[in-house]
Amino acid sequence: VSGRKGRKHGKEVCDLLIMNIRQLLTIPSTEGPLSNPDRKSLGIVENGFVGIIKEVGEGKPLMRARRSVDAKNNIVLPGFIDAHTHMIFAGSREREFSMRVGGRDYLEIMKEGGGIQSTVQSTRKASREELFTESYRRLNDILSWGTTTCEVKSGYGLTTSDEIKMLDVARKLGNEHPVDVIPTFLGAHDVPVEYRNEKEDYIDLLTNEMIPRVSEGNYARFCDVFCEEGVFNKEETERILSAGNAHGLKAKIHVDEFVNIGGCELAESVHAVSCDHLLKTDEKGIESMKSAGTIAVLLPGSNLFLMEEEKPPIQMMRKKGLPIAIASDFNPGSSPILSMPVIISLSCLLYGLTPEEAIVGATVNAAYALEEEGRIGSIEKGKKADIVVMRYSNYEEIPYWFAQKRVECIIKGGEIVVGKGGRLN
Ligand code: NIG
Ligand code: FE
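Structural notes, computed from the coordinates. (Residues numbered from 1 in each chain as written. Chains lettered and ligands numbered in written order. Predicted model: local features only at pLDDT ≥ 70, side-chain atom pairs only at ≥ 80, totals over all residues. Heavy atoms only, no water.)

So, about the coordination of the iron ion (ligand 2). His84 (NE2), His86 (NE2), His254 (NE2) and Asp329 (OD) make up the full set of protein donors to the iron ion (ligand 2), lying at 2.1 to 2.4 Å. Counting along the primary sequence, the residues that act as donors to the iron ion (ligand 2) give the motif H-x1-H-x167-H-x74-D. With His84 in the loop between strand 5 (80-82) and helix 1 (94-101) and His254 in strand 9 (residues 250-255), the pair connects residues that are 170 residues apart, well separated along the chain. When sorted by exposure, His84 lands in the same class as His254, which is buried. (Donors = N, O, S within 2.8 Å, 3.2 Å for Na, K, Ca; no water. Helix = DSSP H or I, 4+ residues; strand = E, 2+ residues; numbered from the N terminus. Buried < 20%, exposed > 50% of the residue type's maximum accessible area, 1.4 Å probe, protein only.)

A word on the pairing of strand 8 (residues 222-227). Of all six residues in strand 8, six are buried, a share of seventy percent or more. Residues of strand 8 alternate between two faces, with Phe222, Asp224 and Phe226 on one and Cys223, Val225 and Cys227 on the opposite face, all of them buried. In the sheet, strand 7 (residues 180-188) pairs with strand 8 via three bridges, with the strands oriented parallel. Across the sheet, the residue bridging to Ala188 is Val225, located in strand 8. In terms of handedness, the path from strand 7 via helix 6 (residues 199-216) over to strand 8 forms a crossover that is right-handed. Inspection of the sheet shows strand 8 paired to strand 9 by six bridges, in the parallel sense. (Pairing = 2+ DSSP bridges. Right-handed = clockwise from strand over helix to strand, strands pointing away.)

On to the packing of aromatic side chains, then. If you walk through the whole model with that rule in mind, you get six aromatic pairs. Plain terms: the ring middles of Phe132 and Tyr136 are 5.7 Å apart, the flat faces sit at 40 degrees to each other, and that makes the pair tilted. With Phe132 and Tyr136 both in helix 4 (residues 128-144) and four residues apart, this pair spans about one turn of that helix. Owing to a relative accessible area of 23%, Tyr136 belongs among the partly exposed residues under this scheme. Residue placement shows Lys172 over the ring face of Phe132; its charged tip is 4.1 Å from the ring centre. Directly above the aromatic system of Trp401 lies the positively charged group of Arg406, at a separation of 5.5 Å from the ring centroid. (Phe/Tyr/Trp six-rings, centres within 6.5 Å; stacked < 30°, edge-to-face > 60°. Lys NZ or Arg CZ within 6 Å of the ring centre and 35° of its normal.)

Now for the packing of helix 4 against helix 5 (residues 160-176). The contact between helix 4 and helix 5 brings their axes to 10 Å, and the two run at 45 degrees. By the angle between their axes, helix 4 is oblique relative to helix 5. As for the relative orientation of helix 4 and helix 5, their crossing is right-handed in sense. In contact with Arg128, Leu131, Phe132, Ser135, Tyr136 and Leu139 of helix 4, helix 5 contributes Ile164, Lys165, Asp168, Val169, Lys172, Leu173 and Glu176. Looking at side-chain class alone, the contact of helix 4 with helix 5 contains seven nonpolar, one polar and five charged residues. (Axes fitted to C-alpha atoms, helices over the stretch in contact; angles between N-to-C directions. Parallel < 35°, antiparallel > 145°, perpendicular 65-115°, else oblique. Left-handed = near helix turned anticlockwise from the far one by under 90°. Contact = heavy atoms within 4.5 Å. Nonpolar A, V, L, I, M, F, W, Y, C, P; charged D, E, K, R; others polar.)

It is worth stressing that arrangement in space is one thing and function is another; only the former is reported here.
Rendered as C-alpha cells:
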C-alpha cells in the first residue's frame, strides 16, 4: 500500500480511479490462504482510493484517471467469489422442499428417484439454448449481489453428451457474461437410473470415456465426486478422482454432508484442492486436508435448507489452522440461495464464523479454492480489478443487514458493469 507521500508528480495515468472510499478492504494474500483471519487480515485502508489496479492508497490520489467512480464514503472490497455452485439446471424442486419441511429425508427422496435424478431428467430434456437463457439470468442475479466469479458444476446430465452439453453452456456463459465462470466436471454426482444395477459400468464410463473427453475438449478445470453413503464410496471416489488427475483435472470432493465415510482422508492421495460440505468431518479428515493444503469449503445454505442439525467442526478447523472458504452451493435441491452476502450472514449465524472469517472465506480463500489466487480475491497491484462498492460504512454491516442488497457499484475487469455508467443497468 503506497500513499501519496514521496511522489512529487502524479503523472501516472490509470483508466479508472475509485475515490472517496470510507473503508477499503484490500485483503492481501501473498503468503497463501488465510487461516484464522482477523481484522488485520483485511488490510483495511481508511479513506482510501484505488487506481485500477496500479496503485492502492490513502488520502487523495495524485494519479490522473480517464474516468473515476465516487464511492461516496462507502466500503469497497474485492468482488465475491462463489467457489461451489450447480448454476446450470432445468426445472425446479419446490415439491421436495415441501416434503422435507414435512419431515421427509433428502437421501430417502433421492433413493426413490427424486432429488438429483429429477433434475437430471429435466436437464437432459433441455436444449443448450434453454439452459443458457435460464443460467444467464441467474448470473445476472448473482452479479447484482456482488459475485464476480463463480464455479459451475455439471452433474445433471450423467451421460457423456449431456455432461458435455452442460459444460458447453458453462463455457458460453463465461464468454458472454461479465461474471467469470470456472467449470467443474461432476459426472459422479450420482449413478444415473439406467445404471442403477451396474454402478461399475458407470464408473468405467466416467473414467474411460467422460473424463478423457472433458479433458481433451478443455471443458473443465476440476473433477468432483459426491462421496456419500449410497452414492460413491471412498474407494470409488479415489478411483474417479485419480482418473481426473491423470487427465489434468484437479480434485474437489462433496464429502461428509450426511455420513462420514472417510472421504476427507483422500485429500492427500488425490491432492484435493477443496473438500466441500464437511458437516460430519472429524479430526483425521481435518489433518488430511491440512497436510494436503486443501481448502475447506463450507456451504451453510444447504445446511439450512436440509435442516441438518449438525455443523462443521469449526473450532477444530481453527485449532489446526485449516483455511476456510464459504460458498452458496446454489442448486435446485439443497440450496436455492445465490446471494453471497446472504451466505456470509448464514456462515456467521449458523457456524459462528466471525465477519472477518466470512469475508476472507468469500474472497481470498475462495480464490484459493479455485486456484485463481494469482488473479483475483484481493485488491492488490497487478490483480484483476473485480471490485464491489457496498452502501455501508463498516464491513461488519455486511453480515448484519441480513439479505439486504446494498451493492452501489461493481467493477469487473476494470469496467463498470453495475451502478452509474454500468452496462448492465
Ligand atoms: O451439494 N450433495 C450433492 N449435490 C448438491 C445437491 C444437488 C441437488 O440436490 O440437486 C449439494 O448439496
Ligand atoms: Fe454441491
